[in-house]
Each structure stands twice: as C-alpha cells, then as structure tokens.
Amino acid sequence: EQAASVGVLFNATQAENRKAALKYADQLKKRRKKVHILGYFEHKLLPEAQMDFPYFTPKEVSWTLRPRGEAVDFFLRQEFDIFVHLNPTTSLHSEYIAALANAFLKVGPATEATYCYDLMIDLQKDAGIPAFIREMEALLKMTNN
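Every residue gets a number counted from 1 within its own chain, in the order that chain's sequence is written. Local features in a predicted model are, by the rule used here, given only for residues with pLDDT of at least 70; side-chain atom pairs are given and counted only at 80 or more, and totals for whole chains, interfaces and linings are based on all residues. Side-chain measures were taken over the full set of non-hydrogen atoms in the model, leaving aside hydrogen atoms and water.

Caption draft 1: Spotlight on the side chain of Glu 95. With respect to the helices, strands and loops of the structure, Glu 95 is situated in helix α3 (residues 92–100). Only protein chains enter the area calculation, which uses a 1.4 Å probe; residues under 20% of their type maximum are buried, those over 50% are exposed, and those in between are partly exposed. Overall, Glu 95 belongs to the buried group, its relative accessible area being 10%. Working definition: helices are DSSP H or I runs of at least four residues, strands are E runs of at least two. Numbering for both runs from the N terminus.

Right, here's the structure in full:
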C-alpha cells in the first residue's frame, strides 16, 4: 500500500493478457500509484497494428536474446518501489529485464533464475494474469503488516 511507483512487465501477445494487464495498471493508478508498463510480443507485429502502450517485439531482441530499443531503455531507466512481471511463466528476455529493473521489490513467476525476483508466485502455466494478480496482491498484503 505504501509503494508509490510500480513497473509492470507483461506478455502482450494475447488480447486477454493485454486487457488484464492494462486493467491492473489502471487500478494501480486509481490507487495513486505512478505506473510504468512494458509489454512484449512473442512475434512481430503487422505494420498496421497500433498499441497504446510501450512494448517490444522479437525485432527488438538481439541475437544474444537481450531486449533493446527505446521502450525497453526508457523502462529500465525508471526507479520503482515494486517491479511486477505479470505472467505465470517466464522467458529469457523477461528475466533480463527483471534482473536489470531498478526496484526495491521485484515480483514475478516462479523460476530457477532466483536472481531476478525477490518474491516468486508459483501458479500453473495456464493460470492467467488475473489469477497471478490475485495471488500476488494477497501475498503482498500479508507481508505488508
């Protein structure tokens, strides 16, 4: 509750994931949090695709699997009280961003890459973003006492 800024990374490939992540970002803003979001797509977007949030695609991932580009660089320059990777699963490029995110607390999916997150949420891979958010919020409220 005391966190003033939140960074949200999410897989934007599926429309339902985009909707859930953007809804959560709006909820955080209504709670007077400063929110920065960054979506990622697992495939290249068609030229006519227009998204109203910062994102990156495989086009912006180097051969070493390092995400780059203006949206990624801007996101990584921000300071967050909490960084959240809203996804029940992880990937190399999301772990890269999580590892470099400048945040007091990093929350993400359970992974063997323990250097990425301070708090890991262990859900089934098909659980979805809404289930991830519910579990994360419940855990954060318990630790906030």
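Caption draft 2: View of the layout of surface pockets. A 1.4 Å probe that fits but cannot get out identifies a cavity on a 1 Å grid over protein atoms alone, an open set with protein on both sides within 12 Å along at least five of seven lines counts as a pocket, and a residue lines either if it has an atom within 4 Å of a point. Grid points are joined across faces, edges and corners, and a volume is the space filled by probe spheres set on the points. Quantified by volume, the largest pocket comes out at close to 400 Å³. Sorting the residues of the lining of the largest pocket by element identifies α1 (15–30), β4 (79–86), β5 (102–109) and α4 (129–143) as the ones contributing at least two each. Broken down by element, the residue count for the lining of the largest pocket peaks at 5 residues, all from α4. Three residue categories are used. Nonpolar comprises Ala, Val, Leu, Ile, Met, Phe, Trp, Tyr, Cys and Pro, charged comprises Asp, Glu, Lys and Arg, and polar comprises the others, including Gly. When grouped by side-chain class, the residues that make up the lining of the largest pocket number 10 nonpolar, 3 polar and 6 charged.

Caption draft 3: The arrangement of the nonpolar core in detail. To define a nonpolar core, start from buried Ala, Val, Leu, Ile, Met, Phe, Trp, Tyr and Cys residues and group those joined through side-chain atoms within 4.5 Å. Counting residues in hydrophobic clusters, the biggest one holds 24 residues, and the most contacted among them are Val 8, Phe 10, Ile 37, Val 84, Leu 86, Val 107 and Met 136. When residues of this core are traced back to their parent elements, those giving at least two are β1 (5–11), α1, β2 (34–40), β4 and α4. We call two residues in contact when some of their heavy atoms are within 4.5 Å. Not counting residues up to four positions away in its chain, the partners in contact with Ile 37 are Val 8, Phe 10, Leu 22, Ala 25, Phe 53, Pro 54 and Phe 75. Listed in part, the 17 residues of the second largest apolar core include Leu 9, Phe 56, Val 72 and Ala 101.

Caption draft 4: How the structure looks around the packing of α1 against α4. The convention used is that axes are lines fitted to C-alpha atoms, helices contributing only their stretch in contact, and that angles between N-to-C directions extend from 0 to 180 degrees. Across the interface, α1 lies against α4 with an axial gap of 9 Å and an inter-helix angle of 30°. Comparing their axes, α4 and α1 come out roughly parallel. Only Ile 129, Pro 130, Ile 133, Met 136 and Glu 137 of α4 make contact with α1, whose side of the interface consists of Asn 17, Ala 20, Ala 21 and Tyr 24. Broken down by class, the residue content of the contact of α1 with α4 amounts to 7 nonpolar, 1 polar and 1 charged. Relative orientations are named as follows: roughly parallel for angles under 35 degrees, roughly antiparallel for angles over 145 degrees, roughly perpendicular for angles from 65 to 115 degrees, and oblique for any other angle.

Caption draft 5: Layout of α3. Taken residue by residue, α3 has His 93, Ser 94, Glu 95, Ile 97 and Ala 98 as its buried positions. On its buried face, α3 is in contact with β1, β2, β3 (55–56), α2 (70–77), β4 and β5.

Caption draft 6: Representation of the pattern of salt bridges. Each salt bridge in this description consists of a side-chain nitrogen of Lys or Arg and a carboxyl oxygen of Asp or Glu lying within 4 Å of one another. Throughout the structure, instances matching the rule amount to 1 salt bridge. Note that Arg 31 is salt-bridged to Glu 137, the shortest N-O span being 3.6 Å. One end of the pair, Arg 31, is in the loop between α1 and β2; the other, Glu 137, is in helix α4, and 106 residues separate them in sequence. Take Glu 137: its relative accessible area is 15%, and that puts it in the buried class.

Caption draft 7: Examining the packing of aromatic side chains more closely. Any pair of Phe, Tyr and Trp rings, taking the six-membered ring for Trp, is counted once the centres come within 6.5 Å. Such a pair is stacked with planes under 30 degrees apart, edge-to-face with planes over 60 apart, and tilted for the rest. What the rule picks out here adds up to 7 aromatic pairs. Taking the centre distance of 5.3 Å and the plane angle of 50° together, the rings of Phe 10 and Phe 53 count as tilted. In this pair, Phe 10 sits in strand β1 while Phe 53 sits in the loop between β2 and β3, placing the two residues 43 residues apart along the sequence. Using a relative accessible area of 0% as the deciding quantity, one classes Phe 10 as buried. According to the relative accessible area criterion, Phe 53 is buried, its value standing at 6%.

Caption draft 8: Region of the structure containing the environment of Gly 7. Tracing the backbone through its elements, the reader meets Gly 7 in strand β1. The spacing of Gly 7 and Phe 80 is 73 residues in sequence and 6.0 Å in space, taken between C-alpha atoms. The contacts of Gly 7, once residues within four sequence positions are left out, are His 36, Phe 75, Phe 80, Ile 82, Phe 83 and Val 84.

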